[in-house]
Amino acid sequence: MTGKTGSNDPGGRKPRSKVQQLQRLLWVGAKRAPGRRFHALYDHIHRRDVLWEAWKRVKRNKGVAGVDAMTLIAVEEYGVDRFLEEIESALRAGTYRAAVVLRRYIPKADGKKRPLGIPTVKDRVVQMAAKLMLEPIFEADFLPCSYGFRPKRSATMALEALRKRGAKGGHHVFDADIRDYFGSIDHDKLMKLVARRVSDRRVLKLVRQWLEAGVMEDGAVSRVSAGTPQGGVISPLLSNIYLHVLDTLWMRHSAPMGMLVRYADDFVVMCRTKKDCEQAEQRIRVILDRLGLELHPDKTRRVELYDGKQGFDFLGCHLHKRLSGTLLEKKGQRLYFLQRWPAQRSMRRIRQRLKQLTSTSKTHADLREVISDVNPVLRGWGNYFCTGNAHRKFVQIDRYVVDRLRSLRLKRKGRNLRPGEATKWTREYFENLGLTACAGPFATRINPSGNRRPRNAATRETTGKPCAGNPHARFERGFCLTPPLGGRKLNLPMRVVVLTLIAPMACSTPRPSFDGVFVGDRAYLDPPAKPNAVSVSDWPRKPTPHGPDVGAIPAGHGWWCTRLPGVPGGPVLSRCERARSECETWRKLLTYLTGPCVAVPIAGCFTYAFQDGPTEASCHESPYACEWNAMSLTKSSAGYRDVSVCAEFD
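It should be emphasised that the depicted structure is a prediction, and the values quoted were computed from it without experimental measurement. (Residues numbered from 1 in each chain as written. Predicted model: local features only at pLDDT ≥ 70, side-chain atom pairs only at ≥ 80, totals over all residues. Heavy atoms only, no water.)

## Observations regarding the nonpolar core
(1) Moving on: The biggest cluster of nonpolar side chains holds 77 residues, and the ones touching the most others in it are Val125, Leu134, Ile241, Phe267 and Leu288.
(2) Moving on: Ranked by residue count, the leading element in this core is helix H6 (residues 121-139), at 11 residues.
(3) Moving on: Phe267 has contacts with Phe174, Asp175, Ala176, Ile178, Leu246, Leu260, Val261, Arg262, Ile284, Leu288, Leu295 and Phe314, leaving out every residue within four places of it along the chain.
(4) Moving on: Counting residues in each nonpolar core, the second largest holds 45 residues, with Tyr147, Val370, Tyr400 and Leu433 among its members. (Core = buried A, V, L, I, M, F, W, Y, C linked by side-chain atoms within 4.5 Å. Buried < 20%, exposed > 50% of the residue type's maximum accessible area, 1.4 Å probe, protein only. Helix = DSSP H or I, 4+ residues; strand = E, 2+ residues; numbered from the N terminus. Contact = heavy atoms within 4.5 Å.)

So, in C-alpha cells, the structure goes:
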C-alpha cells in the first residue's frame, strides 16, 4: 500500500520510526561507499525527534547529575519539552558549549580506583543525539572481531568465539591489556580518524569540544590534552573508532597468526603455536606504538592452554581447557575443550555486593525486603555467567546467600533462640519467602539425611534393568481436566506434577488403582465410596519439544516421592517438590486415596523405558543430555515408537 512503511500483515514487523529509518539510510550509504564522507549531519542532530530519542535513552541509562547539579528528575519537573527546545535552539544558533565534566572515582577489582567523568544531563542528551547519527556510519566499517559497546553484539558472543576457536586448535593465547587506554587517546589522531568518514565541520567541532572539556575535581577545573572521559555517552564509540586501526591492520596483515577478539580496550589473540603467539605480541606492540599506546607490563602475558596447563581471565570469566571424560570413557580419546566459569575477581565482587545487601544493619528488617534487594543481583549475575560451565560457582554463591540470611535470623533471635529452631532455616525456607537461585531449580540435591550436596555428587549406580519387571512411573505435565461430578476440591500447599502409573507388559504385578484427578496445584477427590471416576490410562499425553514419541523428566534433585509399601521395587505414586514436612501432608492425602503410602527420596538419575515395556537404558547426566539420549534412542530402536523416562527407585 502506497505511503506506508513495513509489512501489510497485521502480525508482521512494526514500521520503523523516522530516527531508525534515518539510521538505516546512513548505514546503507556507508556500507555501499567505504570511502564516502558524510556532510550535513549537524542538521539531523538538532531535529526534535532525534533529541526526543536521545532523551529517552539517557533517561533509560539513569545516571547522576553533573557539575550543574541538575538531575533527570529535575529535568522532568522543569519540563522535558522546554528542556529539549532550549537545546535545539542552542544547536541551531551555534551557541552550544560543552560544560566541564565532574570527576568521580569507583573502586576496581584490584583495589585501585577508576576515574569517571560525568557530563551534565544536557551534554549527555547532545552526545546521544550525535551518537545516533555517527554510530551507523562507523558500524559499517567495524570488523567482526570487535564486540564491545556495539549494537547486537555482547561479551557472551566474544566468549563463544573463543570457545569455538579453542576446540579447533587454539592452544596459545596472548592476553593483552592497554595501560590507561581512555586517558592515553591522542586527540589529533582520533579527530583524523573521525574525519575520514565525517566532513561536517560543525559535527567535528562538537566532538572536539567534548574531548577538550575540562575536568572538575574538588572544586578545581583542569584541562586535558589527551584521553576521553569514561562515563561519557559518546566515549565508547570514540574508543572503538580509535582501536579500529588495530582491528584493520591485524586482519589485513596478521590474521593467519591467530584470531583477534577485542572488547573495547581488552583483547586477546588465540593462536595455534607458541611461535605464532610470540609473533602476535610483536605485531600488536608495533601497532599500538603507532597509536601512542602501550601494553600493561603486569597484566599482559602469554598463556599455554594445551592439556589444561594454564588459563586466563577475560571479561569476568576464567577460561581453561578441561579433559572430556565422556570421550575418554567411550572412545578412549583425550580431547580438551575450552570451558569458562566466573573468575576469582568476579566471585569476590559478588560476595562483597551480597555482604553489603545482607549487612548487620538489616538484622531487624523484614527478611522479604532483604530478599527483594538480593534477587536482582543474583539474577543479573547468573544471567551473565549462565552460558558457561559455572554450576559449581553458582552453588557456592547460593550457599553463601543462604548462610548470610541465616546469620541475620540468628542475630535477630539472639538469646531467644529455641533448641532446634535454626534447623528449619533451610534453603527451602528462604525460597518460600521469595529467594531466587543463580543455578536455577536443579542447583542442589537433598539426600535422605537432609544435607545438601552439589549436583555433580555421585549417585547410586544402576545395574541391569532397574525397572524391568516392576511397575514404573512415567512423568507428564498437568493438563486442564474437568473435575468429576460430585467431587470435592482440596487446595494443596504445593505444586503437583501429574503422573501416570503404567505396568510393563513383562510385569506380573497388577497395577494399583488410582482414584481422583490432580490438576496443577489442586486435587479433586471423589466421595468416600471412591468410585472409579477417571481412568488414568485414558488421560492424554502432552507432546514434548521433540514430538510425542520422546520425553525426559528429572527423577531427583532433592524432591521426594511416595510409593506403596509391599510392592516389589515400590511403584512411585506421586512426586512432591517441597520439603519433607510438606511431603508428609501429601503422603497422608495419598493414604486416604489409595491406601498406606511411605515417603522415600528419589535417586538422582534418569531411566528410559519403552511404553508398556521394560527399562532399556539409564542416564546419569543432565536433563538436557538425557533428553537428547531419549530422542536418539527413539530413532534408533526398531519396532518401538515411544521412549520415555521413569524414575529410578532406591
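## A short note on helix H13 (residues 344-357)
(1) Moving on: Taking 1.5 Å per residue, 14 residues should reach 20 Å; H13 reaches 20 Å between its end C-alpha atoms and fits that length.
(2) Moving on: Inspection of H13 places Ser346, Met347, Ile350, Leu354 and Leu357 among the buried residues, and these make up the whole buried set. Projected down its long axis, H13 carries its buried residues within an arc of 100°, all on one side. Seen from the buried face of H13, the exposed residues on the opposite side, beyond 90 degrees, are Gln344 and Gln356.
(3) Moving on: Tucked inside the fold, the buried residues of H13 contact strand E11 (336-342), helix H14 (367-385) and helix H15 (391-413). (Expected span 1.5 Å × (residues − 1). Arc of directions from axis to C-beta.)

## Observations regarding the packing of helix H3 (residues 48-61) against helix H5 (residues 80-93)
(1) Moving on: Taken N-terminus to C-terminus, the directions of H3 and H5 make an angle of 125°; their axes are 10 Å apart at the nearest point. As summarised for this structure, H3 and H5 are arranged oblique, according to the angle between their axes. Crossing of H3 against H5: the hand is right-handed. On the side of H3, the interface is formed by Arg48, Leu51, Trp52 and Trp55, while H5 contributes Val80, Asp81, Leu84, Glu85, Ile87 and Glu88.
(2) Moving on: Counted by class, the contact of H3 with H5 contains 6 nonpolar, no polar and 4 charged residues. (Axes fitted to C-alpha atoms, helices over the stretch in contact; angles between N-to-C directions. Parallel < 35°, antiparallel > 145°, perpendicular 65-115°, else oblique. Left-handed = near helix turned anticlockwise from the far one by under 90°. Nonpolar A, V, L, I, M, F, W, Y, C, P; charged D, E, K, R; others polar.)

## Overview of the packing of aromatic side chains
(1) Moving on: One pass over the full model with this rule turns up 7 aromatic pairs.
(2) Moving on: Between Tyr429 and Phe430, the ring centres sit 5.3 Å apart and the planes meet at 80°, which makes this aromatic pair edge-to-face.
(3) Moving on: For Phe430, a relative accessible area of 0% translates into the label buried.
(4) Moving on: One aromatic cluster in this structure is built from Trp381, Tyr384, Phe385 and Phe394.
(5) Moving on: The side chain of Arg351 reaches across the aromatic face of Tyr400, ending 5.9 Å from its centre. (Phe/Tyr/Trp six-rings, centres within 6.5 Å; stacked < 30°, edge-to-face > 60°. Lys NZ or Arg CZ within 6 Å of the ring centre and 35° of its normal.)

## Remarks on the sheet that holds strand E9 (residues 311-314)
(1) Moving on: If you trace the 3 strands from one edge of the open sheet to the other, you get E9-E10-E11, paired in antiparallel fashion. Each having just a single partner strand, E9 and E11 make up the two edges of the open sheet. Strand after strand, the sheet turns through a mean of 30° between neighbouring axes, direction not considered.
(2) Moving on: Note: strand E10 (residues 317-323) against E11, 7 bridges, orientation antiparallel. Bridging across to E11, His318 finds its partner in Trp341. (Pairing = 2+ DSSP bridges.)

## Description of helix H10 (residues 235-254)
(1) Moving on: Here H10 contains 20 residues, and its C-alpha end-to-end distance of 28 Å stays within 8% of the 28 Å for a straight helix at 1.5 Å per residue.
(2) Moving on: The sharpest bend along H10 comes to roughly 35°, located at Leu243.
(3) Moving on: For H10, a buried count of 15 out of 20 residues is recorded, marking the element as mostly surrounded by other parts of the structure. (Bend = angle between axes of the 7 residues up to and from the residue.)

## Let's talk about unusual backbone geometry
(1) Moving on: Here the phi dihedral of Ala40 falls at roughly 55°; this positive angle occurs in a residue that is not glycine.
(2) Moving on: Tracing the sequence through the fold places Ala40 in the loop between helix H1 (18-32) and helix H2 (42-45).
(3) Moving on: Ala40 sits in the partly exposed class, given a relative accessible area of 31%.
(4) Moving on: The backbone of Lys62 shows a phi angle near 60°, a positive value even though the residue is not glycine.
(5) Moving on: The exposed category is assigned to Lys62, whose relative accessible area is 61%.

## A word on the pattern of salt bridges
(1) Moving on: Applying the stated criterion to the full structure yields 23 salt bridges.
(2) Moving on: As a salt-bridge pair, Asp43 and Arg202 come within 3.4 Å of each other at their nearest N and O atoms. A residue pair is termed long-range when its members are at least 10 positions apart, and Asp43 in helix H2 and Arg202 in helix H9 (residues 201-212) qualify at 159 residues.
(3) Moving on: Residue classification places Arg202 among the partly exposed positions, given a relative accessible area of 39%.
(4) Moving on: The salt bridge partner of Glu294 is Arg179, with a shortest N-O separation of 3.4 Å. Placement of Glu294 in the loop between helix H11 (274-290) and strand E8 (301-304) and of Arg179 in the loop between strand E3 (172-177) and helix H8 (187-195) is noted, with a sequence separation of 115 residues between them.
(5) Moving on: The exposure class of Glu294 is partly exposed, given its relative accessible area of 44%. (Salt bridge = Lys/Arg side-chain N within 4 Å of Asp/Glu carboxyl O.)

## Some words on the confidence of the model for the chain
(1) Moving on: Chain-level statistics for the chain give a pLDDT mean of 75 and a share of 66% at 70 or above.
(2) Moving on: When the criterion is pLDDT under 50, residues 620-624 qualifies, and its contacts beyond four places in sequence or with other chains add up to 15 contacts.
(3) Moving on: For residues 637-650, every residue scores under 50 in pLDDT, and the model assigns this stretch 68 contacts once sequence neighbours within four places are set aside. (pLDDT = per-residue confidence, 0-100.)

## Quick word on the pairing of E3
(1) Moving on: Most of E3 sits out of view: 6 of its 6 residues are buried.
(2) Moving on: In E3, alternate side chains face the same way, and those of His172, Phe174 and Ala176 on one face and Val173, Asp175 and Asp177 on the other are all buried.
(3) Moving on: Pairing of E3 with strand E7 (residues 266-271), which is carried by 6 bridges, proceeds in the antiparallel orientation. Bridged to Asp177 within E7 is Asp266.
(4) Moving on: Judged from the 4 bridges that link them, E3 and E8 form a sheet pairing that is antiparallel. Counted as the bridge partner of Val173 is Val303 from E8.

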